[in-house]
Amino acid sequence: MPWDARRIAHLYRRAGFGATLSQIQTALNKTPSQLVDELIDAAIALPPTPPPVWYDWSRVPVDDYTDYDQESYDHMLEMVRTWLQGMLDNGLREKMMLFWHNHFVTGFWSYRCSAYLFSYYKTLQLHAL
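Keep in mind the model is a prediction, meaning the values are calculated, not measured. (Residues numbered from 1 in each chain as written. Predicted model: local features only at pLDDT ≥ 70, side-chain atom pairs only at ≥ 80, totals over all residues. Heavy atoms only, no water.)

### Examining the overall build of the protein chain
Secondary structure assignment for the protein chain yields seven helices and zero strands. The N-to-C order of helical and strand elements in the protein chain reads α-α-α-α-α-α-α. Relative to its length of 129 residues, the protein chain is extended, with a C-alpha radius of gyration of 18 Å against a globular reference of 14 Å. Dimensions of the protein chain, computed from C-alpha atoms along their principal axes, come out at roughly 60 × 25 × 20 Å. Within the protein chain, the proportion of its 129 residues that are buried is 33%. In the protein chain, the proportion of contacts linking residues at least 24 apart, taken out of those at least 6 apart, comes to 68%. Split by element, the accessible area of the protein chain, about 8,400 Å² in all, is 59% carbon and sulfur. Taking the 11 positively charged and 14 negatively charged side chains of the protein chain as two groups, their mean positions are separated by 13 Å. (Helix = DSSP H or I, 4+ residues; strand = E, 2+ residues; numbered from the N terminus. Rg over C-alpha atoms; globule rule 2.2 N^0.38 Å. Buried < 20%, exposed > 50% of the residue type's maximum accessible area, 1.4 Å probe, protein only. Contact = heavy atoms within 4.5 Å. Areas by Shrake-Rupley, 256 points an atom, 1.4 Å probe, with all protein chains shown as cover. Lys, Arg positive; Asp, Glu negative; His and termini not counted. Charge placed at Lys NZ, Arg CZ, Asp CG, Glu CD.)

Following this line, the structure appears as structure tokens:
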């Protein structure tokens, strides 16, 4: 089994969400073990996502919100965009977060609390690896 661009691209798809041509070409100069170690080390070294301004808002009292339904929905969309951007930027960590998210499933519409949403995201992020 030769270490070639096809195998490198496969590794990047399995350990993340793909690779650029530049990343694949750079990886050709590394052994498989070196590349895997670099991907893991990079994922471990990533800082946590900074909390949004609403990370500790509570529904009781609702003083934190002016329109609870709309604002909590907006917060959920913000977290979706944050996670999707993380998938593009951070590969392995977000791939592992997605793995654990599929095992420890929650549904925003069940609890509808922005603080719980960010807490869940943060927990996955901190313990994914």
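### A short note on the pattern of salt bridges
Inspection of the entire model under this criterion finds three salt bridges. Between E38 and K30 there is a salt bridge; the shortest N-O distance is 2.6 Å. The salt bridge involving D69 is made with R112; its shortest N-O contact spans 2.7 Å. Here R112 lies in the loop between helix 6 (108-111) and helix 7 (114-127) and D69 lies in helix 4 (residues 68-90), a separation of 43 residues in the sequence. Assessed through its relative accessible area of 47%, D69 is described here as partly exposed. Taking the relative accessible area as the measure of exposure, R112 reaches 22% and is therefore partly exposed. (Salt bridge = Lys/Arg side-chain N within 4 Å of Asp/Glu carboxyl O.)

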